[in-house]
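Coordinate analysis (summary)
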Amino acid sequence: MARWKGFDLYLRYRKLERKNDGHRRRGWLLAAVAAAVFVLAWQLLEFRNRGLEEKLEGYWAWLDDPRNVSSYKEAVASGEIAGELKQRIALVGMLTARLACYPKVDSALLARVSAVGGAEIRATVQSYDSGSGELVLQAESKSAIDASGYVKKLEGLGVFQTVYYNGYVWDDERYRLQVRCVLRAAGGEEGQDAAGHIER
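Bear in mind the structure is a predicted one, so any value in this text is a computation, not a measurement. All residue numbers here refer to positions counted from 1 along the written sequence of the relevant chain. The predicted origin of the model limits local features to residues at a pLDDT of at least 70 and limits the giving and counting of side-chain atom pairs to 80 or more, whereas totals for whole chains, interfaces and linings rest on all residues. To get the side-chain values, take all heavy atoms of the structure and skip hydrogens and water.

The subject of this paragraph is the overall build of the protein chain. In DSSP terms, a helix is any run of H or I states spanning at least four residues, a strand is any run of E spanning at least two, and both are numbered starting from the N terminus. Secondary structure assignment for the protein chain yields 4 helices and 6 strands. Taken from the N to the C terminus, the helices and strands of the protein chain come in the order α-α-α-β-β-α-β-β-β-β. Only protein chains enter the calculation, and the probe is 1.4 Å; a residue is then buried if its accessible area is under 20% of its type maximum, exposed if over 50%, and partly exposed in between. Across the 200 residues of the protein chain, 21% fall into the buried class. Any two residues whose heavy atoms approach within 4.5 Å at even a single point are treated as in contact. Restricting the contact set of the protein chain to residue pairs at least 6 apart, pairs at least 24 apart contribute 54%. Approximately 15400 Å² of the protein chain is accessible, and the part contributed by carbon and sulfur atoms is 59%. Computed with the Shrake-Rupley method and a 1.4 Å probe, the accessible areas treat only the protein chains shown as cover for residues.

What follows is the structure, given as structure tokens:
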């Protein structure tokens, strides 16, 4: 015969309540653990940030130290001076190389130029631009100068890339002719005329 079980609502409620209490306790426990982990992580971050701030303050103190500032300024000034010296040395080297490619403008060359005019034409150097290799001569004579013949004789010396003139004037009972000669670079390299044009 079947035994009748009683249905006790209160007993059922108490069992369910105990079961729910276990779930609630576990929930509270998990929440407490999560909160503890969060607080611990927050504390670690705070500690790390404090350490970084202290390091940063140390760096700023080192940078603001007058000894370090003066050392830095000295290093910057030395760097600027070194850069300027380097540029000047490069410029001297460039000018030296440029001068080396032209024939020397010395007494031997000037004697050859003077000999071209003979006894009739006296040539004097007005200027010499070592950068472009241009030599400016003034030729004077009591008689009319054969300008084109004189220019051809100067070209015949073989040291000038180009020789040109703008005509001559009569002044103080003399004919004056200004001649511009651009020296030929060594090895037949290109030279520049007075206007900076490359002559071939």
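So that's the structure; there's more coming.
One broad trend across soluble globular proteins is that nonpolar side chains are buried collectively. By size, the foremost hydrophobic cluster in this structure holds 21 residues, and its most contacted members are Val 113, Tyr 150, Leu 154, Phe 160, Val 179 and Cys 181. Among the secondary structure elements, those contributing two or more residues to this core are helix 3 (107–117), strand 2 (134–141), helix 4 (147–155), strand 3 (160–171) and strand 4 (174–183). Discounting residues that sit within four places of it in the chain, Val 113 has contacts with Ala 123, Leu 137, Tyr 150, Leu 154, Leu 157 and Phe 160. Put simply, buried Ala, Val, Leu, Ile, Met, Phe, Trp, Tyr and Cys residues joined by side-chain atoms within 4.5 Å make one nonpolar core.

Take the environment of Ser 141 next. Residue placement: Ser 141 occurs in strand 2. You can call Ser 141 buried: its relative accessible area is 2%. Residues Ser 141 and Ile 121, spaced 20 residues apart in sequence, show a C-alpha to C-alpha distance of 4.9 Å. Excluding residues that lie within four positions of it along the chain, Ser 141 makes contacts with Glu 120, Ile 121, Arg 174 and Tyr 175. The term polar contact refers here to a pair of N or O atoms within 3.5 Å; inside protein, the definition further demands a hydrogen-donor-capable atom paired with an acceptor-capable atom, and it admits residues adjacent in sequence only when both atoms are side-chain atoms. Reaching out from Ser 141, the side chain makes a polar contact with the backbone oxygen of Ser 143 at a distance of 3.1 Å.

The subject of this paragraph is helix 4. When helix 4 is considered as a whole, its buried residues turn out to be Ala 147, Gly 149, Tyr 150, Val 151 and Leu 154. Where helix 4 is buried, its residues contact helix 3, strand 1 (122–129), strand 2, strand 3 and strand 4.

This brings us to the pairing of strand 4. A pair of strands is considered paired only if DSSP assigns at least 2 bridges between the two. Bridge count between strand 2 and strand 4: 8 bridges; the pairing is antiparallel. By the bridge assignment for strand 4, Glu 134 is matched with Val 182. Bridge count between strand 3 and strand 4: 9 bridges; the pairing is antiparallel. Within the sheet, the bridge partner assigned to Thr 162 lies in strand 4 and is Val 182. The turn linking strand 3 back onto strand 4 is made up of 2 residues, and Asp 172 within it adopts a positive phi angle of 55 degrees.

This part covers the pattern of salt bridges. Two side chains carrying opposite charge are able to pair once their charged atoms lie near each other. Any carboxyl oxygen of Asp or Glu within 4 Å of a side-chain nitrogen of Lys or Arg constitutes a salt bridge here. Scanning the model with the defined rule gives 7 salt bridges in all. Of the charged contacts, one joins Arg 122 and Glu 140 as a salt bridge, the two residues approaching to 3.1 Å between their closest N and O atoms. Here Arg 122 is found in strand 1, whereas its partner Glu 140 is found in strand 2, with 18 residues between them in sequence. The salt bridge partner of Arg 176 is Asp 172, with a shortest N-O separation of 3.7 Å. Residue Arg 176 is classed as buried on the basis of its relative accessible area of 18%. Each of Arg 122, Glu 140, Asp 171, Asp 172 and Arg 176 takes part in a single network of salt bridges with overlapping partners.

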